[in-house]
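# Coordinate analysis (summary)
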Amino acid sequence: MRKLVLILSVMTALLLSGCEEQVTQCKMKKYEPTWESLREYKEIPQWLRDGKFGLYTHWGPYAVHAYGENTTWYSHGMYMDPESEAREHFEKNFGKLTPEFGYKDLIPKFTAEKFDADEWADLFAKSGAKFAGPVAEHHDGFAMWDTKYSDWNAAKMGPKRDVVGELEKAIKKRDMKFVTAFHHAANWFFFPVWDERYDAGDPKYAGLYGQPHEEGAMRNQEFLDEWYGKIIEVIDNYSPDFIWFDFALDSIPEGYVKDFLAYYYNHAEAEGKEVVVTYKGNDLVPATGVRDLELGQEPRLTYHEWITDSTVDDRGAWGYANDLIFKSPNRVIDNLVDRVSKNGYLLLNVGPKPDGTIPEEARELLLEVGEWLEINGDAIYGTSPWLIASEGPTNLGDASAIGFNESNVVYTSKDVRFTVKGDNLYATFLAWPGEQAVIRTLRGEGEEEREWKGDANVDKSMSLVGKTFTVRRFTFEFKEDADVHITARWEEDEVEEFEGKYEQEGTSVTILVEDEERRATYDGEDFELIRGEGVPRYEGFYEEEIKRITMLGDDKSLKWKRTNQGLVIETPDKRPCKHAYVIKIERYHHPKID
């Protein structure tokens with residue numbers, strides 16, 4: 001009897017094991033390599049919606065030369081253009097470009113002797129990042145992990161360490177999600193493998209520079225198999241939570257891209273985890289990944305989620321350079337807040353030195369961002385965009401198809417960005433608002449009038465007084481005492497006139513007519529209305545909603561009043577932080593309205 005029970009138990013265990021295997025296999029087949037199936041994947045993980053902010057590193061042999069406007073494209077320029085600064089710099093500092101000597105000879109100088117994955121991960125965590133990781137392979141073809149597809153990798157050359165593997169362990173150990181970035185689809189055209197005057201044209205270096213082919217030729221089978229194989233290898237060996245792609249994904253045949261996505265999403269399903277893939281331009285079908293804007297951001301609230309890849313340096317160098325100028329913490333924080341309010345996320349790059357140290361200026365920047373998030377992270381982490389993203393005079397122009405509209409704009413005390421969490425509304429002022437923080441979006445029907453100052457605080461050479469401008473159907477006549485007369489010509493025989501008030505702040509002009517504000521710019525010569533940029537008003541906000549108002553980092557209840565010019569809040573006597581300032585409005589879910 002015992003023997004029978006034992007046999008039955010073993011059979012049951014085997015059957016259950018087989019069922020588990022079948023379930024796993026079933027899970028592995030949940031997503032098919034078709035766009036229809038892939039669109040069923042939940043492309044926005046909850047950890048990304050909650051985390052908002054992450055870091056990645058451009059680090060490879062391109063850190064050695066430490067030169068160029070974009071250091072990661074230095075090697076492309078030095079081969080392709082004999083008159084380029086990159087060619088001149090390389091030959092002056094390293095040697096003449098020949099059939100024997102070239103970019104590959106920088107690899108031994110890429111030593112990484114001070115690289116410490118745990119030290120990097122500690123810094124990333126202190127910065128407030130919730131996801132982080134390396135560029136696994138850039139356009140230059142040098143893989144940062146121990147790949148079977150090429151000996152030209154960091155485990156066998158240069159550092160002689162599996163950088164991707166070390167960072168995976170260190171980052172995941174700190175409860176951050178792991179990022180790997182891929183640029184290798186562009187390796188096909190990055191070096192002149194058809195030109196025998198250079199080492200890039202020697203087939204024995206094809207593992208780095210790419211398979212030999214004629215200039216302008218389509219990608220061959222070997223290249224495509226290697227492109228696909230490397231990504232699958234990283235998925236299998238390091239299980240990244242986030243795979244980021246640079247441009248050129250659209251030059252890979254669709255079948256390979258769909259196969260990769262199905263493999264990755266099924267792999268995540270089998271592991272019970274949520275993952276994300278980002279792409280540029282129109283490189284993936286909508287709802288199969290998240291669109292990335294390089295050095296850019298959406299200028300207004302969107303109903304799709306998006307991410308920006310930006311960098312700590314002020315010129316888009318991406319990798320390390322000896323002459324970098326770094327962005328200020330205030331600029332990075334303002335841009336993070338702006339992106340989050342408009343349904344976006346931020347992936348910020350740092351370029352380490354060839355020895356593996358992170359530049360001190362970059363460290364200081366990241367730590368200051370972390371200090372701000374320690375105080376104000378409640379307005380970022382786990383929040384949702386609100387019904388209205390922003391108010392204020394400062395905004396960005398539209399992004400191109402792949403971004404590039406980020407700028408060093410200086411936000412004012414009137415620039416406010418909104419997020420929500422539960423019933424709490426957060427209004428982040430991107431500059432100190434002074435003794436009173438005024439939120440125009442939440443204005444009511446109160447009696448108090450705003451004091452309009454015209455051009456009182458403007459250099460008289462910029463004064464609008466006495467000037468008349470016609471923009472489209474509107475003529476503006478600016479007068480003394482902040483008055484403006486507006487004539488609207490709707491049709492030839494239909495003319496309407498309005499009286500309003502105006503105020504200048506630098507080149508920014510705010511005009512109020514019948515409780516509607518419009519914005520314009522005036523630079524001393526040209527007057528221009530900003531289309532669609534009136535100050536919003538949320539009609540559904542009731543004074544009875546307000547339970548308590550505080551400023552993050554202070555937590556004392558603040559005095560407030562609602563007027564027809566805005567929700568006016570008395571600010572704390574002492575600023576709680578150095579940069580953007582968050583007003584927290586705690587609200588009743590159902591206000592009692594008489």
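This text gives an overview of the structure that appears in the document. (Residues numbered from 1 in each chain as written. Predicted model: local features only at pLDDT ≥ 70, side-chain atom pairs only at ≥ 80, totals over all residues. Heavy atoms only, no water.)

## Observations regarding the environment of Ser310
Stated precisely, the cut-off is as follows: Counting from the N terminus, the helices are DSSP H or I runs at least four residues long and the strands are E runs at least two residues long. The buried label goes to any residue with under 20% of its type's maximum accessible area, the exposed label to any with over 50%, and the partly exposed label to all in between, with areas taken from a 1.4 Å probe on protein chains only. Only heavy atoms enter the contact rule, under which two residues are in contact if any of them lie within 4.5 Å. Throughout this description, a polar contact denotes any pair of N or O atoms lying within 3.5 Å of each other; where both atoms belong to protein, one of them has to be capable of donating a hydrogen while the other can accept it, and for residues adjacent in sequence the pair is counted only when both atoms sit in side chains.
Tracing the chain through its elements places Ser310 in strand 7 (residues 306–311). Of the residues examined, Ser310 reaches a relative accessible area of 2% and is grouped as buried. Measuring from C-alpha to C-alpha, the distance between Ser310 and Phe242 comes to 16 Å, with 68 residues separating the pair along the chain. Dropping the residues within four chain positions of it, Ser310 is found in contact with Tyr56, Leu295, Trp318, Lys327, Arg339, Leu346, Leu347, Leu348, Asn349 and Glu406. Within the structure, the side chain of Ser310 is placed 2.9 Å from the side chain of Lys327, a separation counted as a polar contact. Side-chain polar atoms of Ser310 contact the side chain of Glu406, separated by 2.8 Å.

## As for unusual backbone geometry
Note: most residues except glycine have negative phi, and most peptide bonds are trans. One non-glycine residue, Asn343, adopts positive backbone phi at about 80 degrees. Backbone geometry places Phe404, a non-glycine residue, at a positive phi of 60 degrees. Relative to the elements of secondary structure, Phe404 occurs in the loop between strand 9 (384–391) and strand 10 (416–421).

## Re the sheet that holds strand 9
Where we set the bar: Two strands make a pair as long as DSSP finds a minimum of two bridges between them. Lines fitted to the C-alpha atoms define the axes, with helices restricted to the stretch that makes contact. Angles between their N-to-C directions range from 0 to 180 degrees.
Pairing is antiparallel across the open sheet formed by five strands, whose spatial order is 9-10-11-23-20. Single-partner strands in this sheet number two, and they are strand 9 and strand 20 (546–551). The sheet shows a mean angle of 20 degrees between the axes of neighbouring strands, direction not considered. Relative to strand 23 (residues 581–587), strand 20 runs antiparallel, the two being bridged by five bridges. Following the sheet pairing, Met551 is matched in strand 23 by Ile583. Here helix 13 (residues 329–341) sits on the sheet and contacts strand 9, strand 10 and strand 11 (424–429); the angle it forms with strand 10, its principal contact strand, is near 55 degrees.

## What about the environment of Pro393?
Residue placement: Pro393 occurs in the loop between strand 9 and strand 10. On the basis of relative accessible area, Pro393 is assigned to the buried category, the value being 18%. Once the C-alpha coordinates of Pro393 and Ser508 are considered, the two residues, 115 residues apart in sequence, prove to be 6.6 Å apart. Ignoring any residue separated from it by four or fewer positions in sequence, one finds Pro393 in contact with Thr412, Lys414, Asp415, Ser508 and Arg519.

## So, the nonpolar core
Which entries qualify depends on this criterion: By nonpolar core is meant a set of buried Ala, Val, Leu, Ile, Met, Phe, Trp, Tyr and Cys residues that side-chain atoms within 4.5 Å join together.
Counting 133 residues, the largest nonpolar core has Trp227 and Ile583 as its most contacted members. If we ignore the near neighbours within four places in the chain, the residues touching Ile583 are Leu425, Tyr426, Ala427, Phe429, Ala437, Ile549, Thr550, Met551, Leu558 and Ile569.

## Considerations on the pairing of strand 7
Across the six residues that make up strand 7, a large majority, six, are buried. Taking every second residue as pointing to the same face, both faces of strand 7 are buried, with Trp306, Thr308 and Ser310 on one and Ile307, Asp309 and Thr311 on the other. Pairing of strand 6 (residues 290–294) with strand 7, which is carried by four bridges, proceeds in the parallel orientation. Its bridge partner being in strand 7, Leu293 is matched across the sheet by Thr308.

## Structural notes on the pattern of salt bridges
Using the following cut-off: Salt bridges are defined by distance alone: a side-chain nitrogen of Lys or Arg within 4 Å of a carboxyl oxygen of Asp or Glu.
As enumerated under the stated definition, the model contains 42 salt bridges in all. Taken together, the shared-partner salt bridges connect Asp314, Lys327, Arg331, Arg339 and Glu406 into one network.

## Structural notes on the packing of helix 13 against helix 14 (residues 360–376)
For clarity, the cut-off: Each angle receives one of four descriptions, namely roughly parallel if under 35 degrees, roughly antiparallel if over 145, roughly perpendicular if within 65 to 115, and oblique otherwise. The sense of a crossing depends on the near helix, which, turned anticlockwise from the far helix by less than a right angle, makes the crossing left-handed and, turned clockwise, makes it right-handed.
Packing of helix 13 against helix 14 brings their axes to within 9 Å, and their N-to-C directions diverge by 50 degrees. On the basis of the axis angle, helix 13 is oblique to helix 14. Helix 14 is crossed by helix 13, and the crossing has right-handed handedness. Here Pro329, Val332, Ile333, Leu336 and Val337 of helix 13 lie close against helix 14, whose contacting residues are Leu365, Glu368, Val369, Trp372 and Leu373.

## So, the environment of Thr428
Of note, Thr428 is situated in strand 11. Taking C-alpha positions, Thr428 is 9.3 Å from Asp338, a pair spaced 90 residues apart along the chain. Beyond its immediate stretch of four places on either side in the chain, Thr428 contacts Val337, Ala379, Asp415, Val416, Arg417, Ala580, Tyr581 and Val582.

## Structural notes on the sheet that holds strand 5 (residues 276–280)
Reading around the circumference, 1-2-3-4-5-6-7-8 is the order of the eight strands in this closed barrel, with parallel pairing throughout. Taking the axes of each pair of neighbouring strands and ignoring which way they run, one obtains an average angle of 25 degrees across the sheet. Two strands pair when backbone bridges link them, and strand 1 (residues 53–57) and strand 2 (residues 131–137) are joined in this way by four bridges, in the parallel orientation. In the sheet register, Gly54 faces strand 2, and the bridge partner there is Phe131.

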